[in-house]
Each structure stands twice: as structure tokens, then as C-alpha cells.
Amino acid sequence: MAERLLAAPDAERLLAIYLNDHLAGSNAGLSLIRRIVRHHRHTPLRAPLTRIAQEVAEDRDSLREIMQALDTPALHARAAVGALAERAARLKLNGRLISRSPLSDVLELEAMRLGVEGKAAGWRALRSVAESDPRLDGTTLERLSDRAERQARALEEMRLDAAARAFPAEGAASGRRRRRRHLGAPAVG
């Protein structure tokens, strides 16, 4: 499969790389959103996160269908790199060695939102390709783009709520005072 890509005309080869990068990102995003859902299975966020997780899985399937329509092979090595990147992202510093912290929610929702925004950009790019490639359905791509933008808005709302819980105004002010004292500056506010 990879040999066929190397022999493909440049535009086709570049589109194949682009689609495979998005597929790797989609796989990583699906793993991330499923992990977020597991952590929130007993919270009010379970339902909206579960809906987004289902849509992300459907979006990945749509991407695979698009790749098939374009006769673009899935490059499993690229997918493996995406899976490794998602696992490496779990090693983020959240202020605690072993357990989750309120920062975990902020960082995970932020990463998920950024991934969804990348997905929306991908759908928009494919929509422009659809204008000259009859194998792509512009209406479907517009629907996918709109759904990704809705997902991004929902994730941003959840992220801002998580940030408000993680960084309460009172706690942030007292933290600034402690840091200033520690650094030798006068405590203000």
C-alpha cells in the first residue's frame, strides 16, 4: 500500500498523507474522549460526553468511508504513531503524581477541543476538494463540519466549567499571594 502511495501523483499522495494524519488524530481523539467519559461516568457530564464520543466514532467511520471513496489506503504506521502520541499525552503534569487532579479535566477537555477543531478544519478542506472531485459529497462534508463545530462549542463550555472548578477566583488570589511571599515580593490583594 505504501509503495502505491509513493508512486501516486503528488496531489493524490499529499491528500493521502493528510487523510491518514486525520485518521491517526481521529483514533487518538476517540481514545481520549472514551477515557474522559469513563472518568465522568458518575457525573452530569456523562450524557453529553457520551454523545460526543459516539459522534467522534461516527466521524472516524465517515473519514474511513471518504478514504475508501478516494481509494486512499490507511497507513497503519501513521495510526500507530497517533496511538503512541495519545498515550504519551496521558503523562502530562497535572500537579499530582498518581491521581487525577482538577487540572486533568481542563487539560483533557482542552486537548479534545483542539482535536475537534482540527477535525472541523479537515472537513472544510475536504469540502473545498469536493468542488472539483465528484467522489466527495459536499453536503455530507458540510454536515460533518457543522457537527464538529457544535462539538467544539460543547467541549469549550465543559472546559471553561472545569477551569472555573480547578482555578477558583479565591484560590487563585491566595495562590498568587503565597507565590509573591515565596519570591520575596510584598503580598498584594
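Computed from a predicted model, the values in this text were never measured in an experiment.

For the rest of this paragraph, the subject is the pattern of salt bridges. As a working rule, side chains carrying opposite charge can pair if their charged atoms are close by. Counted according to the given criterion, the structure contains 14 salt bridges. Residues Arg51 and Glu55 are paired through a salt bridge, measuring 3.6 Å at the closest nitrogen-oxygen approach. Residue Arg51 and its partner Glu55 are located together in helix H3 (residues 46–69), separated by four residues, close to a single helical turn. The partly exposed category is assigned to Arg51, whose relative accessible area is 32%. Salt-bridge contacts for Arg147 lead to Asp59; the nearest nitrogen and oxygen are separated by 2.4 Å. Note that Arg147 is positioned in helix H6 (residues 138–166) and Asp59 in helix H3, a separation of 88 residues in sequence. The network of salt bridges with common partners includes Glu110, Arg113, Glu117, Glu156 and Arg159.

The subject of this paragraph is the packing of H3 against helix H5 (residues 102–130). At a closest axis distance of 12 Å, the pairing of H3 and H5 adopts a crossing angle of 35 degrees. As H3 runs across H5, the sense of the crossing is left-handed. Taken together, the residues of H5 that come into contact with H3 (itself represented by Leu49, Val56, Asp59, Ser62, Leu63 and Ile66) are Leu109, Met112, Lys119, Trp123 and Leu126. Here the contact of H3 with H5 is built from residues that sort into eight nonpolar, one polar and two charged.

Topologically, Gln151 is positioned in helix H6. Residue contacts for Gln151: discarding those within four places in its chain leaves Ile52, Glu55, Val56, Asp59, Val116 and Lys119.

Here the focus is the side chain of His40. Along the chain, the position of His40 falls in the loop between helix H2 (10–39) and H3. In this structure His40 comes out as buried when scored by relative accessible area, which is 6%. Sequence-distant contacts of His40, defined by excluding residues within four places in its chain, comprise Leu45, Arg46, Leu49 and Asp105.

Below, the discussion takes up the confidence of the model for the protein. Mean pLDDT over the protein stands at 84; residues scoring 70 or higher make up 72%. Summarising per-element confidence for the protein, the mean pLDDT is lowest in helix H1 (residues 2–7) (46) and highest in H3 (98). When the criterion is pLDDT under 50, residues 1–7 qualifies, and its contacts beyond four places in sequence or with other chains add up to 10 contacts.

Below, the discussion takes up the nonpolar core. Ranked by size, the top nonpolar core spans 35 residues in total, and within it Ile33, Leu49, Met112, Trp123, Leu126, Leu141 and Leu155 carry the most contacts. If you list the elements that add at least two residues to this core, you get H2, H3, H5 and H6. Beyond its immediate sequence surroundings of up to four residues, Ile33 is in contact with Leu49, Ile52, Ala53, Met112 and Leu155.

Calculation rules
Residues numbered from 1 in each chain as written. Predicted model: local features only at pLDDT ≥ 70, side-chain atom pairs only at ≥ 80, totals over all residues. Heavy atoms only, no water. Salt bridge = Lys/Arg side-chain N within 4 Å of Asp/Glu carboxyl O. Helix = DSSP H or I, 4+ residues; strand = E, 2+ residues; numbered from the N terminus. Buried < 20%, exposed > 50% of the residue type's maximum accessible area, 1.4 Å probe, protein only. Axes fitted to C-alpha atoms, helices over the stretch in contact; angles between N-to-C directions. Left-handed = near helix turned anticlockwise from the far one by under 90°. Contact = heavy atoms within 4.5 Å. Nonpolar A, V, L, I, M, F, W, Y, C, P; charged D, E, K, R; others polar. pLDDT = per-residue confidence, 0-100. Core = buried A, V, L, I, M, F, W, Y, C linked by side-chain atoms within 4.5 Å.

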